[in-house]
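So you can see what is in the structure, the chains are spelled out below.
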Amino acid sequence: MEFSEVVKNRYSCKKFDGRKVERDKLNQILEAGRLAPTAKNLQEQVIYVAESEEALAKIDAVTPCRYGAPTVLVVAFDKNNVYTYPGEKRNSGIEDAAIVATHMLLAAANAGVDSCWLNRFDPDVLAKSLGLPENEEILMLLDLGYAAADTKPLENHCKRKPLSETVKYI
Ligand SMILES: Cc1cc2nc3c(=O)[nH]c(=O)nc-3n(C[C@H](O)[C@H](O)[C@H](O)COP(=O)(O)O)c2cc1C
């Protein structure tokens, strides 16, 4: 698919029909995350693929936003392997994990797989429930699957501000 079509077609799917994501498509999505840039090439991301009934139940216990997705990617990063920027106010962990997640979000759209980015959960509660090591922090969840026939993008999908409101030439 043309990149401009991928960007236009993607929307947050809030109702999945339960069809499984094929292994080759899942691998394409994971590969796009692997190729994402990270600060100093640290690659501190850790991606958990939740597909078992047990793992999905743990996700349902912390958020109402799985929407029936058969696959959920848990995007985390290793807090002990981040780059602290000059000034020491911020480090690369969240930023790098967000870039990895965005690569996977767009790769899903390119593969015809619907998705939704989720942050409506307490990452510490989920990390504990999944048994993640202390050094890993969860950034977000990515629902993956196929949209139900009777769903469509929410109205706000088409309501983006014009560039004149968000871009300033200096
Ligand atoms: C950082 C972030 C967090 C989000 N968290 C949630 C969430 O927890 N639950 C949900 O249903 N949608 C969530 N969304 C989806 C947004 O609501 C959606 O992207 C936005 O309304 C624009 O719609 P669109 O993605 O269809 O264009 C999130 C999106 C982003 C980028």
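Structural notes, computed from the coordinates. (Residues numbered from 1 in each chain as written. Predicted model: local features only at pLDDT ≥ 70, side-chain atom pairs only at ≥ 80, totals over all residues.)

## Some words on the overall build of the protein
Thinking step 1. Along the protein, the regular secondary structure elements total six helices and four strands.
Thinking step 2. For the protein, the N- to C-terminal ordering of α and β elements is α-α-β-α-β-α-β-α-β-α.
Thinking step 3. In terms of overall dimensions, the protein is globule-like: its C-alpha atoms have a radius of gyration of 17 Å, near the 15 Å expected for 170 residues.
Thinking step 4. C-alpha atoms of the protein, sized along the principal axes, occupy 50 × 50 × 30 Å. (Helix = DSSP H or I, 4+ residues; strand = E, 2+ residues; numbered from the N terminus. Rg over C-alpha atoms; globule rule 2.2 N^0.38 Å.)

## Thoughts on the sheet that holds strand β2 (residues 71–78)
Thinking step 1. Across the sheet, four strands lie side by side as β1-β2-β4-β3; this open sheet has antiparallel pairing. Both edges of this open sheet fall to β1 (45–50) and β3 (114–118), since each of them pairs with a single strand only. Recorded for the sheet is a direction-independent mean angle of 25° between the axes of neighbouring strands.
Thinking step 2. For β3 and strand β4 (residues 136–145), the ladder comprises five bridges, and the chain directions are antiparallel. Along β4, the bridge assignment pairs L118 with L141. (Pairing = 2+ DSSP bridges. Axes fitted to C-alpha atoms, helices over the stretch in contact; angles between N-to-C directions.)

## Digging into the environment of S92
Thinking step 1. Residue position: S92 is located in the loop between β2 and α4 (93–110).
Thinking step 2. On the basis of neighbour count, S92 is assigned to the partly exposed category, with 19 C-beta atoms found within 10 Å.
Thinking step 3. Setting aside residues up to four positions removed in sequence, S92 forms contacts with T38, A39, L42, V82 and Y83. (Buried ≥ 20, exposed ≤ 12 C-beta atoms within 10 Å, placed from the backbone. Contact = placed C-beta atoms within 7 Å.)

## A look at the packing of helix α2 (residues 23–34) against α4
Thinking step 1. Close contact between α2 and α4 brings their axes to 7 Å; oriented N to C, the two are set at 145°. The way α2 lies across α4 gives a crossing that is right-handed. Of the residues in α4, those touching α2 at Q28, I29, A32 and G33 are V100, H103, M104, A107 and A108.
Thinking step 2. Class assignment of the residues belonging to the contact of α2 with α4 gives a composition of six nonpolar, three polar and no charged. (Left-handed = near helix turned anticlockwise from the far one by under 90°. Nonpolar A, V, L, I, M, F, W, Y, C, P; charged D, E, K, R; others polar.)

## Let's talk about the site of the ligand
Thinking step 1. With respect to spatial proximity, 13 residues lie near the ligand, and among them Y11, S12, N119, R120 and H157 are the closest.
Thinking step 2. Taken together, the residues that form the shell around the ligand break down as seven nonpolar, four polar and two charged. (Near = placed C-beta within 6 Å.)

## Focus: the environment of A148
Thinking step 1. Position of A148 among the secondary structure elements: in the loop between β4 and α6 (163–166).
Thinking step 2. As for A148 and L35, which are separated by 113 residues in sequence, their C-alpha atoms are 30 Å apart.
Thinking step 3. Non-local contacts of A148, meaning those with residues more than four positions away in its chain, are made with K15, F16 and D17.

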